[in-house]
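Analysis of the macromolecular model
Chain by chain, the residues run as shown.
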Amino acid sequence: MWDKDKGASSLVRGLPGCNDLLANCLYTALLQPLNVAKVLIQVGYEPLPPVYYKPVLFGWGGGYFYPNTYRYIKYLAEREGSYLVLYRGLTPRICSVLVTNTVRTEILNLLPKSTSRCPPEQIATEVGRHCLATAGSVLAVHPLFVVTNRMIVSLVGGETKIQLPPWGRPHHIQEEGVAGFYAGILPHLVGEVSGKVVEILVEEFTARTDLYKRVGWEGSVLPGSMIHSFLTYPLQLTTTIMTVNNCGMEVSSLPALQGTQRSWFSCLKALFRTGNLKRGNNLLFARRAPPQSWHTPPSEGEGCPDGSCQLKKE
């Protein structure tokens with residue numbers, strides 16, 4: 001049965017015998033290099049040129065593809081001279097895990113559970129409880145989310161002011177005020193709350209119909225979490241972009257971000273128009289380059305670890 005009152009993520013809750021909070025922090029730390037690559041890809045930073053692959057089967061599968069995430073991560077480490085750069089933003093991200101778990105758990109403990117015997121009322125109460133808990137945790141953790149993303153995108157322009165303690169506070173206060181800590185809060189809130197509603201409804205349905213038992217997934221909580229992530233990814237992407245838009249950093253001038261600066265809704269429309277609503281969603285395989293090239297050549301004198309900064313064919 002799904003224990004909704006635990007604060008850890010769905011994936012970690014599925015690991016038996018683990019302390020949820022510790023496991024979640026460890027999971028976050030291990031995947032930080034992938035998160036760094038994902039954020040940079042989401043904002044459209046493509047320092048490596050797309051490679052042309054010939055069609056392999058009846059003319060299918062050909063075209064330009066960006067290198068996979070492994071090569072992307074390797075390029076960043078070689079360019080910066082250390083693999084430690086792949087853990088930029090880890091401290092505020094782990095803090096955000098702690099804050100999210102604490103706030104969500106405390107709110108859930110404060111809100112009473114349903115005493116009704118009517119299933120629809122029980123479900124409505126659970127949805128309300130978890131929506132309030134999710135909204136509270138998002139409001140509490142969003143400043144850390146902003147700082148994490150800006151520390152990561154400082155790799156684009158080499159800014160150092162965002163890395164000053166406490167995690168870039170002087171930069172935010174001087175250039176944007178306190179409101180800078182809540183850049184992109186609306187899509188973040190809408191995405192997390194709506195996704196939580198879908199996740200709860202899926203889990204309630206599967207729990208009440210014993211669907212997991214029938215398909216041999218007893219105790220699993222992955223489907224609801226996966227559906228949540230899939231449906232709300234465009235809002236996740238919009239949130240990431242809005243946290244770094246108009247922040248006085250070099251990343252704001254990337255071609256991929258042009259036309260997305262006015263509001264989060266205009267950003268969402270621009271992504272839809274250009275077919276980039278899923279940008280950064282695929283981290284395992286080579287990514288097809290869009291019709292418009294977001295290739296960002298290295299700065300003069302920086303060089304290319306692979307020896308080429310031009311479009312290549314294979």
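What you see is a predicted model, and the numbers here were worked out from it, not measured in a lab.

Brief notes about the pairing of strand β2 (residues 63-66)
- Taken together, the three bridges between strand β1 (residues 51-53) and β2 define a ladder with antiparallel strand orientation. The residue bridging Tyr 52 from the neighbouring strand is Tyr 64, located in β2.
- Bridge count for β2 against strand β3 (residues 287-288) is two bridges, and the pairing is antiparallel. Across the sheet, the residue bridging to Tyr 66 is Arg 287, located in β3.

Focus: the packing of aromatic side chains
- All told, the structure shown has one aromatic pair when counted by the stated rule.
- Arranged with centres 6.1 Å apart and planes meeting at 80 degrees, the rings of Trp 264 and Phe 265 form a pair that is edge-to-face.
- Owing to a relative accessible area of 23%, Trp 264 belongs among the partly exposed residues under this scheme.

Examining a nonpolar patch on the surface
- Together, Leu 26, Tyr 27, Leu 30, Leu 31 and Leu 34 make up a nonpolar patch on the protein surface, roughly 440 Å² of accessible area in all.
- With three residues, the single largest contributor to the nonpolar patch is helix α2 (residues 20-30).
- If you trace the backbone, Tyr 27 turns up in helix α2.

Thoughts on helix α8 (residues 185-209)
- The terminal C-alpha atoms of α8 lie 36 Å apart, and with 25 residues this matches the ideal 36 Å at 1.5 Å per residue to within 8%.
- Trailing α8 by a residue or two, Asp 210 shows a phi angle of about 55 degrees, which is positive.

Things to note about helix α6 (residues 119-157)
- The end-to-end C-alpha separation of α6 is 54 Å, in line with the 57 Å expected for 39 residues at 1.5 Å each.
- Remark: the principal bend of α6, roughly 45 degrees, maps to Val 141, with a proline, Pro 143, within the next four residues.
- A positive backbone phi angle near 75 degrees is found at Gly 158, which sits one or two residues after α6.

What about the pattern of salt bridges?
- Within the structure shown, the criterion is met by three salt bridges.
- In this structure, Glu 80 engages Arg 79 in a salt bridge whose closest nitrogen and oxygen atoms are separated by 2.9 Å.
- The class for Glu 80 is partly exposed, based on a relative accessible area of 38%.
- With a shortest N-O distance of 3.8 Å, Glu 199 and Lys 196 are connected by a salt bridge. Of this pair, Glu 199 and Lys 196 both sit in helix α8, three residues apart, which is roughly one turn of that helix.

A word on the nonpolar core
- With 32 residues, the main nonpolar core has Leu 40, Val 43, Val 153 and Val 251 as its most contacted residues.
- When contributions to this core are tallied by element, the ones reaching two or more residues are α3 (32-42), α4 (69-80), α6, α10 (222-244) and α11 (264-273).
- Excluding its chain neighbours within four sequence positions, the residues that come into contact with Leu 40 are Tyr 45, Tyr 72, Leu 76, Ile 152, Val 153, Leu 155 and Val 156.

Concerning the packing of α3 against α4
- Put simply, α3 and α4 touch, their axes get as near as 10 Å, and they point 95 degrees apart. When the interaxial angle is binned, α3 and α4 end up roughly perpendicular. In contact with Pro 33, Leu 34, Val 36, Ala 37, Leu 40 and Ile 41 of α3, α4 contributes Thr 69, Tyr 72, Ile 73 and Leu 76.
- Residue composition of the contact of α3 with α4, by class: nine nonpolar, one polar and no charged.

Some words on the side chain of Asn 276
- Assignment of secondary structure puts Asn 276 in the loop between α11 and β3.
- Taking the relative accessible area as the measure of exposure, Asn 276 reaches 6% and is therefore buried.
- Here the side chain of Asn 276 touches Thr 274 through a polar contact of 2.9 Å, side chain to side chain.

Quick notes on the environment of Cys 247
- Along the polypeptide, Cys 247 turns up in the loop between α10 and α11.
- With relative accessibility at 1%, the residue Cys 247 sits in the buried group.
- Along the sequence, Cys 247 and Gly 180 sit 67 residues apart, while their C-alpha atoms lie 8.0 Å from each other.

Some thoughts on the state of the cysteines
- Per the counting criterion, the structure on display carries zero disulfides.
- Not engaged in a disulfide, the cysteine Cys 25 finds its nearest cysteine sulfur in Cys 95; these two sulfurs lie 8.9 Å apart.
- For Cys 25, a relative accessible area of 14% puts it in the buried group.

Here's the deal with the side chain of Gln 32
- In this fold, Gln 32 is placed in helix α3.
- On the basis of relative accessible area, Gln 32 is assigned to the buried category, the value being 0%.
- In this view, Gln 32 contacts Leu 86, Tyr 87, Arg 88, Gly 89, Leu 90, Arg 93 and Ile 152; residues no more than four positions away in its chain are not counted.

What to know about the confidence of the model for the chain
- Mean pLDDT over the chain stands at 78; residues scoring 70 or higher make up 75%.
- Here helix α1 (residues 10-13) is the element of the chain with the lowest mean pLDDT, 43, and α3 is the one with the highest, 93.
- The model gives residues 297-314 a pLDDT under 50, and that stretch makes 31 contacts with residues more than four places away or in other chains.

Scoring rules and cut-offs
Residues numbered from 1 in each chain as written. Predicted model: local features only at pLDDT ≥ 70, side-chain atom pairs only at ≥ 80, totals over all residues. Heavy atoms only, no water. Pairing = 2+ DSSP bridges. Helix = DSSP H or I, 4+ residues; strand = E, 2+ residues; numbered from the N terminus. Phe/Tyr/Trp six-rings, centres within 6.5 Å; stacked < 30°, edge-to-face > 60°. Buried < 20%, exposed > 50% of the residue type's maximum accessible area, 1.4 Å probe, protein only. Patch = residues over 30% accessible without salt bridge, like charges linked within 9 Å, V, L, I, M, F, W, Y side chains within 5 Å. Areas by Shrake-Rupley, 256 points an atom, 1.4 Å probe, with all protein chains shown as cover. Salt bridge = Lys/Arg side-chain N within 4 Å of Asp/Glu carboxyl O. Expected span 1.5 Å × (residues − 1). Bend = angle between axes of the 7 residues up to and from the residue. Core = buried A, V, L, I, M, F, W, Y, C linked by side-chain atoms within 4.5 Å. Contact = heavy atoms within 4.5 Å. Axes fitted to C-alpha atoms, helices over the stretch in contact; angles between N-to-C directions. Parallel < 35°, antiparallel > 145°, perpendicular 65-115°, else oblique. Nonpolar A, V, L, I, M, F, W, Y, C, P; charged D, E, K, R; others polar. Polar contact = N/O pair within 3.5 Å; in protein donor to acceptor, adjacent residues only side chain to side chain. Disulfide = S-S within 2.5 Å. pLDDT = per-residue confidence, 0-100.

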